[in-house]
Amino acid sequence: MAIEISKVFNARVYIDGTDFIARAEEVDLPKIKFKFADTKALGIYADSELPTGLDKLEARIKFNSVYPDFISLAADPFTSRTVIIRAPYQVWTQQGVAKTAPLKAELKGFFKEWDSGKFKKADSAEAEVTMSVYYYRLEVDGIEIIEIDTINNIYKVKGNDILAEYRTVIGGI
């Protein structure tokens, strides 16, 4: 069996349909962090933890300069924004690139923190934004890897709706 190595070397960022090609320098997709609660019970020899939900989701975008069109989007904390990141997902083998497939991350949320720029002598100005994310979907090669919708109690992994029964038990949505 040949060894395959997956790489993502580049990406393109869109915010509410505006193309930020060559302006975003770095994107941190949401970190998935589960909340756990201690379980202590008489007759059980060891304590344990059981999952109780997800921690809040955040994303970060670092820009390579100060962009007025971005600042006008980030300055309104009352309007939800959609950020789409598109990237080439490459699979490498000993022979080179065996496959290039589309990777798409979609985020919806509110810009909760942004800076107007950092200026340095003989260096590019930088600006960063932090986004409070309520919707996150990651797709690779047309396959949904994860979908999280915190407002509608949706949590899917590879299309499997993990919270379907939970939503039914609490009265559906």
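The rules we used
Residues numbered from 1 in each chain as written. Predicted model: local features only at pLDDT ≥ 70, side-chain atom pairs only at ≥ 80, totals over all residues. Heavy atoms only, no water. Patch = residues over 30% accessible without salt bridge, like charges linked within 9 Å, V, L, I, M, F, W, Y side chains within 5 Å. Areas by Shrake-Rupley, 256 points an atom, 1.4 Å probe, with all protein chains shown as cover. Salt bridge = Lys/Arg side-chain N within 4 Å of Asp/Glu carboxyl O. Helix = DSSP H or I, 4+ residues; strand = E, 2+ residues; numbered from the N terminus. Buried < 20%, exposed > 50% of the residue type's maximum accessible area, 1.4 Å probe, protein only. Pairing = 2+ DSSP bridges. pLDDT = per-residue confidence, 0-100.

### Here we look at a nonpolar patch on the surface
- A cluster of nonpolar side chains, Ile3, Ile5, Phe9, Trp92 and Val97, forms an exposed patch at the surface whose accessible area comes to about 520 Å².
- By the element assignment, Trp92 lies in strand S8 (residues 81-93).

### A look at the pairing of strand S12 (residues 143-149)
- Counting buried residues in S12 gives 5 out of 7 residues, a clear majority hidden from the surface.
- Of the pairings in the sheet, the one linking strand S11 (residues 123-140) to S12 comprises 6 bridges and is antiparallel in character. Looking across to S12, one finds that Tyr136 is bridged to Ile148.
- In textbook terms, the turn of a hairpin is the stretch between consecutive antiparallel strands, and for S11 and S12 this stretch comprises 2 residues, one of which, Asp141, has a positive phi near 55°.

### A short note on unusual backbone geometry
- A positive phi is found at Asn153, a non-glycine position, where the angle reads about 55°.
- Assessed through its relative accessible area of 25%, Asn153 is described here as partly exposed.
- Located in the positive-phi region is Lys158, a residue other than glycine, with phi close to 50°.

### Digging into the confidence of the model for the protein
- Looking at the protein as a whole, its pLDDT mean stands at 92, while 99% of the residues score no less than 70.
- Across the protein, S12 holds the top mean pLDDT of 97, while strand S10 (residues 118-120) sits lowest at 80.

### Thoughts on the pattern of salt bridges
- Within this structure, the stated rule accounts for 18 salt bridges.
- Of the charged contacts in the structure, one is a salt bridge between Lys112 and Glu58, with a shortest N-O distance of 2.5 Å. Here the residue Lys112 occupies a position in strand S9 (residues 96-114), and Glu58 occupies one in strand S7 (residues 57-63), the gap between them amounting to 54 residues.
- Residue Lys112 is classed as partly exposed on the basis of its relative accessible area of 46%.
- Judged by its relative accessible area of 32%, Glu58 falls in the partly exposed class.
- For Arg137, the salt bridge is made with Glu144, and the minimal N-O distance between the two is 3.0 Å.
- On the basis of relative accessibility, which here comes to 22%, the residue Arg137 falls in the partly exposed class.

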